[in-house]
Amino acid sequence: IKKGSTDVIGNYNIIYKNGTLTINQVKIATTGSCVSGLVYNGSPQTLASGGSYVSYSNNSQTNANTSGYSVTVTTDGNHQFSDGTESKTLSCNIAKKELTPSVTASNKTYDSGTSATCSVTLSGAVASQSPTATATGAFADADVGTGKTVTCSSITLGSSWTTNYKLSTTSKTT
């Protein structure tokens, strides 16, 4: 029986008392669960699944959200969760995709300093996207020479990319 209807569907515990017919909702144990292991991929992803006799709202998202999307799970009206409620809220996450930086350093004319110009390229991004990053560079010493070691540190993603991506490291040597 659905709320407001007299159509009998099944799976009910029917109790007859004092000439009154009482049909209780069937209690279900499962509320569904968040899909584990979701990582940003640039496309909408289903956040929660499972459970019979339930539906989900706000269950498809694209961007990473490590603090969780609120997904509402609601029973079909003929059932209720084991605690007697017909609605639950899950907090489901999409993790940021990790990018691996590679660095190159530019040659420079001797200036008695160790500052270096670093260029950063990133691998691991979604195919249609080209995240950017910057870094601060320093030569190992200020002496003239070739094949010098340069450390590119403080590697930082461009601000428009920080929602969906994270870096595997923030310092590289070349």
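This structure is a prediction, so every number in the text was calculated from the model and none was measured. (Residues numbered from 1 in each chain as written. Predicted model: local features only at pLDDT ≥ 70, side-chain atom pairs only at ≥ 80, totals over all residues. Heavy atoms only, no water.)

Asks: Which residues make up the sheet that holds strand β14 (residues 118-123), and what are the values?
Replies: Reading across the sheet, the three strands line up as β14-β12-β17 and stay open at both edges, with mixed pairing between neighbours. What marks the edges here is a single partner per strand, and that holds for β14 and β17 (165-167). The mean angle between the axes of side-by-side strands here comes to 40°, regardless of whether they run parallel or antiparallel. With three bridges joining them, strand β12 (residues 97-105) and β17 adopt parallel strand pairing. (Pairing = 2+ DSSP bridges. Helix = DSSP H or I, 4+ residues; strand = E, 2+ residues; numbered from the N terminus. Axes fitted to C-alpha atoms, helices over the stretch in contact; angles between N-to-C directions.)

Asks: Describe the nonpolar core, with residues and values.
Replies: Core analysis: the largest hydrophobic core is formed by 29 residues, its most contacted members being Leu47, Ile94 and Ile155. Among the elements of the structure, β9 (65-75), β11 (87-94), β12, β14, β15 (133-139), β16 (150-157) and β17 are those that each provide at least two residues to this core. With four residues, β16 is the largest single contributor of residues to this core. Not counting residues up to four positions away in its chain, the partners in contact with Ile155 are Pro101, Val103, Val120, Ala133, Thr134, Ala135, Leu167, Thr169, Thr170, Ser171 and Lys172. (Core = buried A, V, L, I, M, F, W, Y, C linked by side-chain atoms within 4.5 Å. Buried < 20%, exposed > 50% of the residue type's maximum accessible area, 1.4 Å probe, protein only. Contact = heavy atoms within 4.5 Å.)

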